[in-house]
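Residue-level structure breakdown
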Amino acid sequence: SSSSSSSSSTTSDDRNQDLSVSLLQAKELLAQAVSSNDELVQQKAGAVNRVLSRPKNLGHALDLVGAYLKNYMLDRADAIMSTILPICRKKKGKLWLVKALNFYAAIRAKQSRYSESLEFLTELMEILNLEESEPGAWRVYDMVYRNFGVTYEGLGRTEEALIYFEKAMNVKVDAGIAATWFDMWDIGRMKSIFAFHSRNESELWAAIDTVKNALDLHERDEGSDKVMCAKILHTVGECYVALAMQREAASVDQGEEEEGQLADSPSDDEQGRRMPRKKKKKKRKERVGKGRRRKKEGKTTANSKTDDDDEEDGNNDDDHDDGRYQLPPEKLFRKALEYLQKSHALFKKHKGPYNPLTGKQAESVAQLLLRLKDYSKAKPFLLDALI
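Residues numbered from 1 in each chain as written. Predicted model: local features only at pLDDT ≥ 70, side-chain atom pairs only at ≥ 80, totals over all residues. Heavy atoms only, no water.

**Quick word on the nonpolar core**
Judged by nonpolar contacts, the single largest core of 84 residues is most densely connected at Met81, Tyr240 and Leu368. With 13 residues, helix α11 (residues 226-264) is the largest single contributor of residues to this core. When neighbours within four sequence positions are excluded, Tyr240 is seen to be in contact with Trp205, Ile208, Lys212, Leu332, Lys335, Ala336 and Tyr339. (Core = buried A, V, L, I, M, F, W, Y, C linked by side-chain atoms within 4.5 Å. Buried < 20%, exposed > 50% of the residue type's maximum accessible area, 1.4 Å probe, protein only. Helix = DSSP H or I, 4+ residues; strand = E, 2+ residues; numbered from the N terminus. Contact = heavy atoms within 4.5 Å.)

As structure tokens, this is what we get:
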């Protein structure tokens, strides 16, 4: 049974390889036909067009593009799409063209050619004659809206990206389909960017909770996909880094504000020179009386705390019970490091040490370790990033 399964898998791989080669050869022939008047070349090109126009063959070609996309073999996916897109444009009905444009938009987005991706998606929406409420329509709109979201995210248009990621979720929910880990990941990622730039800490914590929810849902539904798990772990780590940086900036702002107040307030000597003699005497009595009251209550000036001190220590009534708002920046950076290291370990194990994803994640870990001044620990990750 095992050998039979292995043989079947090998046969399928061979067929895909043969189809890929045939499609690439077809692309070369069709390109040659455009610039050649040779009758034989034109006849061959016509035969290729007729073969590829058959629904079964066109379907296999699009399936192959999907497989290449999933495995980041973008050059091959691009080559096949450039061959079959003109054929899809000539097909009666728009279904094949909708599928082709959606795939091509995804390829361009993964190639970071987001403007071209947006052009394909805009054309797609112009020809898509399908109501969201129609049975099964949510599957089409889920893919298209998510591609829009990824494209707008790549263009730096975060607000529009969030709108489309939420559309992708809502079109499923309206059809009675539960939101997925993918929805939670996309939405949490965008909300974390908004929260960071608006310096809204509570919203940033909410975004972290959303991405962690995505991590739990992914483990439940598709736990075997460790590469995707690594990507979500990376996002959680990035959120903690953003939170730590925000907390650092708040501390700096508070320090500068206190320094400004001290600079604006008169010194003790200046106060003494300005204060009339009677007021000086009254002030000394107040200080003596305050000191005696502290001793009586078992408090000395050295260890006493005022209400302001309690507020700075985070013990006031407005604090949250879970203590997350009292975590210092370094602890948040350390928390981020845990997630980034887990992500790197998964990439290294499942994609190998020489994969770009592994190298990029190694760089993220190294940068954070350098920020934390753990130089010796950063060195091996820097070497991993260079491989």
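So that's the structure; there's more coming.
**So, helix α16 (residues 356-371)**
An α-helical segment advances 3.6 residues per turn. Residues three or four places apart therefore align on the same side. With 16 residues, α16 should reach 22 Å at 1.5 Å per residue; the first-to-last C-alpha distance of 23 Å fits that figure. Those residues of α16 lying buried are Thr358, Gly359, Gln361, Ala362, Ser364, Val365, Ala366, Leu368 and Leu369. Regarding α16, its N-cap is Asn355, as a side-chain oxygen of that residue lies 2.8 Å from the backbone nitrogen of Leu357 further along. (Expected span 1.5 Å × (residues − 1). Polar contact = N/O pair within 3.5 Å; in protein donor to acceptor, adjacent residues only side chain to side chain.)

**Considerations on the environment of Gly352**
With respect to the secondary-structure elements, Gly352 resides in the loop between α15 (329-351) and α16. In contact with Gly352, not counting residues within four places along its chain, are Phe347 and Thr358.

**Considering the packing of aromatic side chains**
Summed over the entire model, instances satisfying the criterion amount to 11 aromatic pairs. With centroids separated by 6.0 Å and ring planes inclined at 80 degrees, the aromatic side chains of Trp205 and Tyr240 adopt a geometry described as edge-to-face. Here Tyr240 lies in helix α11 and Trp205 lies in helix α10 (residues 201-222), a separation of 35 residues in the sequence. Taken individually, Trp205 and Tyr240 each receive the classification buried, so the pair is uniform in this respect. One aromatic cluster is present, formed by Tyr141, Tyr145, Phe148, Tyr152 and Tyr164 through successive ring pairs. Of note, Arg146 hangs over the ring of Phe182, and the distance from its end group to the ring centre comes to 4.3 Å. (Phe/Tyr/Trp six-rings, centres within 6.5 Å; stacked < 30°, edge-to-face > 60°. Lys NZ or Arg CZ within 6 Å of the ring centre and 35° of its normal.)

**So, the confidence of the model for the chain**
Mean pLDDT over the chain stands at 79; residues scoring 70 or higher make up 69%. For residues 14-19, every residue scores under 50 in pLDDT, and the model assigns this stretch five contacts once sequence neighbours within four places are set aside. In this model, residues 290-321 is a region of pLDDT below 50 whose contacts with residues beyond four sequence positions or in other chains number 17 contacts. (pLDDT = per-residue confidence, 0-100.)

**Digging into the packing of α15 against α16**
Viewed as axis vectors pointing N to C, α15 and α16 meet at an angle of 155 degrees, and their least axial separation amounts to 9 Å. On the basis of their axis angle, the class for α15 and α16 is roughly antiparallel. When you trace α15 past α16, the crossing you get is left-handed. Between α15, through Phe333, Ala336, Leu337, Leu340, Gln341, Ser343, His344, Phe347, Lys348 and Lys351, and α16, the contact on the second element is made entirely by Leu357, Thr358, Gln361, Ala362, Ser364, Val365, Leu368, Leu369 and Arg371. Per-class residue counts for the contact of α15 with α16 are 10 nonpolar, six polar and three charged. (Axes fitted to C-alpha atoms, helices over the stretch in contact; angles between N-to-C directions. Parallel < 35°, antiparallel > 145°, perpendicular 65-115°, else oblique. Left-handed = near helix turned anticlockwise from the far one by under 90°. Nonpolar A, V, L, I, M, F, W, Y, C, P; charged D, E, K, R; others polar.)

**Structural notes on unusual backbone geometry**
A positive phi angle, close to 55 degrees, is found at Arg199, a residue other than glycine. You can see Arg199 is positioned in the loop between α9 (181-198) and α10. We note that Lys373 has phi near 65 degrees; this positive angle belongs to a residue other than glycine. Note on placement: Lys373 falls in the loop between α16 and α17 (375-386). Lys373 gets classed as exposed once you look at its relative accessible area, which sits at 60%.

**Points about the side chain of Thr358**
By the element assignment, Thr358 lies in helix α16. Looking at Thr358, the relative accessible area reads 1%, which means it is buried. A distance of 3.2 Å separates a polar side-chain atom of Thr358 from the backbone oxygen of Phe347. Excluding residues that lie within four positions of it along the chain, Thr358 makes contacts with His344, Phe347, Lys348, Lys351, Gly352 and Pro353.

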